[in-house]
Structure formats: C-alpha cells, structure tokens
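Chain by chain, the residues:
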Amino acid sequence: MAPGPGDSPGFLLWHATLRWQRDIAAALGPLGLTHVQFVLLACTWWLNSQGEHPNQLALARQAGTDVKMTSQVLRTLETKGLIEREVDPADTRAKRLRITDGGAELAPRAIAAVEAVDAEFFRPVPREDTLTLLRRLAAAPEA
C-alpha cells in the first residue's frame, strides 16, 4: 500500500516550504522587499562588508539564483536605490555591485526580520539539528 501524503517527506517538505515562504513574505512586505530581492540585497551587503564587490555572476552563485533572473532583480534593487551597478574596470562587460547607503541601512533590518521568522519557524527543532539537516539537504549529491 502506498504511503499517504502525510508520510511523504517530499510532500511534507513542500508544505513546510510554502508555510515558511508565506511567513518570510509577510515579514519582508512592510520593508518593500520580495524574498528574492532580500536574498540578493543581503548577499550583496554581506559580500561588500567582506571587502568584495562581486559582479552579477558571482552574486548569483553566492545566492544560488539564476543569472538572468538575478540581473532583472538587481535592476529593480537599483531602481529602488538600494544597490549600484558599476562597470568593472577589469572587464567592461561585467557590472560590479555596491550597496548604497539606503541598502546598507535596510539590509540589516531585513536580515533581522528574516532571522526572527526563521527562529520561530524552526523553534520546535534544536538549532544544531536544524543546521545539520539543512546543510545535508543543500549539499550537492556526490557523483
């Protein structure tokens, strides 16, 4: 007999992910950010704080996002005045990313909002257990 949906890890993960995404969207909405805008803003802010000025490809790799979609979302973040894209002197085809003052003010607030959602969402499971599981699930399978 086939297991029911409540016994399917994939089905349960699907529902858990949907609930988590709704909670994240609710936290970011008042800040004027979508979830993907948040991820790209936060990654740019973090990389800049480490002394790096990534190009769009490097940011997409860091964030795990599609390069073309990353470019479109960065255009939106630039329009909002949260990031600036500058021509890379080493490669004039590439754009280096720099967080603006407004982006540098918003990013930590958005990160705190998302961290609060995460803390509540994952509260039933010890933090180290959550991190261990998620690291395993996020890792690329070995060939």
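Look up a bit, the structure's there.
Trainee: Report on the overall build of the chain, specifying residues and quantitative values.
Mentor: When you go through the chain residue by residue, the secondary structure sums to six helices and two strands. Taken along the three principal axes of its C-alpha coordinates, the chain extends 60 × 40 × 25 Å. By the burial criterion, 29% of the 143 residues in the chain qualify as buried. Long-range contacts, defined here as pairs at least 24 residues apart, represent 54% of the contacts in the chain between residues at least 6 apart. Roughly 9400 Å² of accessible area belongs to the chain as shown, and the carbon and sulfur atoms make up 58% of that amount. Of the charged side chains in the chain, 16 are positive and 17 negative, and the gap between their average positions amounts to 4 Å.

Trainee: I'd like a rundown of a nonpolar patch on the surface, residues and numbers included.
Mentor: On the surface, Leu-133, Leu-134 and Leu-137 cluster together into a nonpolar patch covering about 290 Å² of accessible area. Secondary-structure assignment places Leu-137 in helix α6 (residues 127-138). Using a relative accessible area of 56% as the deciding quantity, one classes Leu-137 as exposed.

Trainee: Could you give an account of the pairing of strand β2 (residues 91-99), with specific residues and numbers?
Mentor: As paired strands, strand β1 (residues 83-88) and β2 are joined by six bridges and run antiparallel to one another. What sits directly across from Glu-84, in β2, is Arg-98. Taken together, β1 and the strand that follows it, β2, pair antiparallel across an intervening segment of two residues.

Trainee: Talk me through the nonpolar core; I want residue IDs and the actual numbers.
Mentor: In a soluble, globular protein the nonpolar side chains are often hidden away together inside. Counting residues in each nonpolar core, the largest one holds 24 residues, and the members touching the most others are Leu-28, Leu-33, Phe-38, Leu-41, Leu-59, Leu-77 and Ile-83. Among the elements of the structure, α1 (9-28), α2 (35-49), α4 (67-79), β2 and α5 (101-121) are those that each provide at least two residues to this core. Here Ile-83 is in contact with Leu-41, Thr-44, Leu-74, Leu-77, Glu-78, Leu-97, Arg-98, Ile-99 and Thr-100, once residues within four sequence places are set aside.

Conventions used here
- Starting from 1, residues in each chain are numbered consecutively following that chain's sequence as written.
- Side-chain atom pairs in this predicted model are given and counted only at pLDDT of 80 or more, local residue features only at pLDDT of at least 70, and totals for whole chains, interfaces and linings cover all residues.
- Note that water and hydrogens are dropped before the side-chain values are worked out from all heavy atoms of the structure.
- Strands here are runs of E lasting at least two residues and helices are runs of H or I lasting at least four, both read from the DSSP assignment and numbered beginning at the N terminus.
- Exposure classes here rest on a 1.4 Å probe applied to the protein chains alone. A residue is buried below 20% of its type maximum, exposed above 50%, and partly exposed in between.
- It only takes one pair of heavy atoms within 4.5 Å for two residues to be counted as in contact.
- Values of accessible area rely on a 1.4 Å probe in the Shrake-Rupley scheme; residue burial ignores everything except the protein chains shown.
- When charges are tallied, Lys and Arg are placed among the positive residues and Asp and Glu among the negative ones, while His and the ends of the chain are skipped.
- Where a charge lies is defined by one atom per residue type: Lys uses NZ, Arg uses CZ, Asp uses CG and Glu uses CD.
- By definition, no residue in a patch forms a salt bridge, and every one has over 30% relative accessible area; like charges are joined within 9 Å, nonpolar side chains (Val, Leu, Ile, Met, Phe, Trp, Tyr) within 5 Å.
- Whenever a carboxyl oxygen of Asp or Glu lies within 4 Å of a side-chain nitrogen of Lys or Arg, that contact is scored as a salt bridge.
- Two strands pair if DSSP finds at least two bridges between them.
- To qualify as a nonpolar core, a set must consist of buried Ala, Val, Leu, Ile, Met, Phe, Trp, Tyr and Cys residues joined through side-chain atoms within 4.5 Å.

Honestly, that's just the spatial picture; any functional story needs more than this.
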